[in-house]
Structures are given as C-alpha cells and as structure tokens.
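Geometric and topological summary
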Amino acid sequence: MIRINLLPVKEAQRATSRRQQVSIAVLSVAVATLVMVIPYMLQGRRLAELDRDIERLQGEIAKFNAQAREVRELERKRVELNAKLQVIEDLKHRRVGPVRALEDLGGATPQKLWLVNFTEVGAQATITGVALDNQTIAAFMRQLQGSKYFYEVDLVETA
C-alpha cells in the first residue's frame, strides 16, 4: 500500500516539532511536579512520625512527672518518719535516764536518811532531806558521788 502525503512537508515538520515541544513541556512539568511532590510527601510522613513521637514522649513525661511527685511525697514522708523516730529514740533515752538516776538515788540513801524533795532543772538536781546525823549525810554524798548519774555532788546546807 502506498501512502501519499498530501500535507506540505514544512507543515508536517512544524507539527512534529510542536508535538515534541508540548511533550517536552508536559514532561518537564511532570518532572517538576514529582520533584516537588515527593519531598513534600516524605516530609509529611516524617512530620506525622515526629508528631507520634512527640505524643509518645509527652505521655512518658506525664508518667515520669507522676512518678516524680510520688518520689517527692515519699521523700517528705521519709523525712517526717525519721524525725518522729528520732523523737521516739530521744524519749526512750530520757525515759531510761531518770529511772536509773532515781534507782541510784534510792540505792545510795542510807537507813537513817529521808528524802523530802527532789527537783531537776536542766542537768542540775537539788535534793532536800532529813538525816539523823552528819555522818549519814557524808555517807549519802559519797554514795552519790560514786554513781554514774550524779557528779559534782556538793553539800549546800545542813541544819
């Protein structure tokens, strides 16, 4: 089969040239669009991933803040408990001290001496009593001086 070209040659070349230019323009626009759209989509995915990470990290921060509050509360309670235990320990030591001191006082008291008054102010004790003679008072003072709870025993007055 024979084909006859009825169109002028120059017109055919121009049409081909125009088709090539249009296809190059369309291809250029498609490539430019792909060059812009692909990074945009990749950045969108990356942004969505980072948003998920931020939400997850904010949840962890909230959890850790709650734990930190619990730790601070427990630390405060521990300090209060240690203070209470120290008070209890001090009370135990103070409770035993007077008992032992009075036990030594009772053990040092001779038969012929009667204690009438015992007062304690700070670390100083004042004892008032009645004895039959001065030798009994001297024996009492020697006994008190030998005690570990009484020291610097001084006689203030005898009558």
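Summarised in this report is the structure supplied together with it.

Parameters at a glance
- Note that residues are indexed from 1 along each chain, following the sequence as it is written.
- At least 70 in pLDDT is required for a residue's local features to be given in this predicted model, at least 80 for side-chain atom pairs to be given and counted, and no such filter applies to totals for whole chains, interfaces and linings, which use all residues.
- Think of the side-chain values as coming from all heavy atoms in the structure, minus any hydrogens and water.
- Numbering of helices and strands starts at the N terminus; helices are DSSP runs of H or I of at least 4 residues and strands are runs of E of at least 2.
- C-alpha atoms define the radius of gyration, and 2.2 Å times the number of residues to the power 0.38 defines the globule rule.
- By definition, residues are in contact when any of their heavy atoms lie within 4.5 Å.
- Note on areas: Shrake-Rupley, 1.4 Å probe, and residue coverage restricted to the protein chains presented here.
- Asp and Glu are treated as the negative residues and Lys and Arg as the positive ones, with His and the ends of the chain left uncounted.
- The location of each charge is read from NZ of Lys, CZ of Arg, CG of Asp or CD of Glu.
- By salt bridge we mean one thing: a side-chain nitrogen of Lys or Arg within 4 Å of a carboxyl oxygen of Asp or Glu.
- The cut-offs for exposure are 20% and 50% of the maximum accessible area for each residue type, with area from a 1.4 Å probe on protein chains only; residues under the lower value are buried, those over the upper are exposed, and the others partly exposed.
- Both cavities and pockets are sets of points on a 1 Å grid over the protein atoms alone; in a cavity a 1.4 Å probe fits but cannot get out, in a pocket the set is open with protein on both sides within 12 Å along at least five of seven lines, and lining residues sit with an atom within 4 Å of a point.
- Grid points are joined across faces, edges and corners, and a volume is the space filled by probe spheres set on the points.
- Gly is placed with the polar residues, together with every amino acid not listed as nonpolar (Ala, Val, Leu, Ile, Met, Phe, Trp, Tyr, Cys and Pro) or charged (Asp, Glu, Lys and Arg).
- To qualify as a nonpolar core, a set must consist of buried Ala, Val, Leu, Ile, Met, Phe, Trp, Tyr and Cys residues joined through side-chain atoms within 4.5 Å.
- In this description, strands pair whenever DSSP reports at least two bridges between them.

1. Some words on the overall build of the chain
- Check the secondary structure of the chain and you find 2 helices and 2 strands.
- By the compact-globule yardstick of 15 Å for 159 residues, the chain is too spread out, its C-alpha radius of gyration being 53 Å.
- The long-range fraction of contacts in the chain, counting pairs at least 24 apart against all pairs at least 6 apart in sequence, stands at 36%.
- Carbon and sulfur atoms provide 60% of the accessible area of the chain, an area that totals close to 14,100 Å².
- The positive charge centre, built from 23 side chains, and the negative charge centre, built from 19, are 22 Å apart in the chain.

2. So, the pattern of salt bridges
- Taken as a whole and judged by the stated rule, the model has 6 salt bridges.
- In this structure, D53 and R56 form a salt bridge, with 3.9 Å as the shortest nitrogen-oxygen distance. Of this pair, D53 and R56 both sit in helix 1 (residues 9-108), 3 residues apart, roughly one helical turn.
- We classify D53 as partly exposed; its relative accessible area is 28%.
- On the basis of relative accessibility, which here comes to 44%, the residue R56 falls in the partly exposed class.
- Several salt bridges converge on common partners, so that one network encompasses D53, R56 and E60.

3. Structural notes on the layout of surface pockets
- A volume near 1,200 Å³ is recorded for the largest pocket.
- Broken down by secondary-structure element, the contributors of at least two residues to the lining of the largest pocket are helix 1, strand 1 (113-121), strand 2 (124-131) and helix 2 (134-145).
- Among the elements that make up the lining of the largest pocket, the one with the highest residue count is strand 2 (8 residues).
- Classifying every residue of the lining of the largest pocket gives 23 nonpolar, 8 polar and 5 charged.

4. Brief notes about the environment of Q135
- The residue Q135 is located in helix 2 in this model.
- Residue Q135 is classed as exposed on the basis of its relative accessible area, which comes to 58%.
- Considered as a pair, Q135 and R3 are 132 residues apart in the sequence and their alpha carbons are 160 Å apart.

5. Quick word on the nonpolar core
- Listed in full, the 8 residues of the largest apolar core are A101, L105, A108, L113, I137, F140, L144 and F150.
- Mapped by element, the contributors of at least two residues to this core are helix 1 and helix 2.
- Residue contacts for F140: discarding those within four places in its chain leaves L105, A108, T109, P110, L113 and L115.

6. Thoughts on the pairing of strand 2
- In terms of strand pairing, strand 1 meets strand 2 through 8 bridges, oriented antiparallel. Paired with V121 across the two strands is Q124, which belongs to strand 2.

7. Digging into the environment of A108
- Checked against the element boundaries, A108 lands in helix 1.
- The spacing of A108 and Q143 is 35 residues in sequence and 5.1 Å in space, taken between C-alpha atoms.
- A108 has contacts with F140, Q143 and L144, leaving out every residue within four places of it along the chain.

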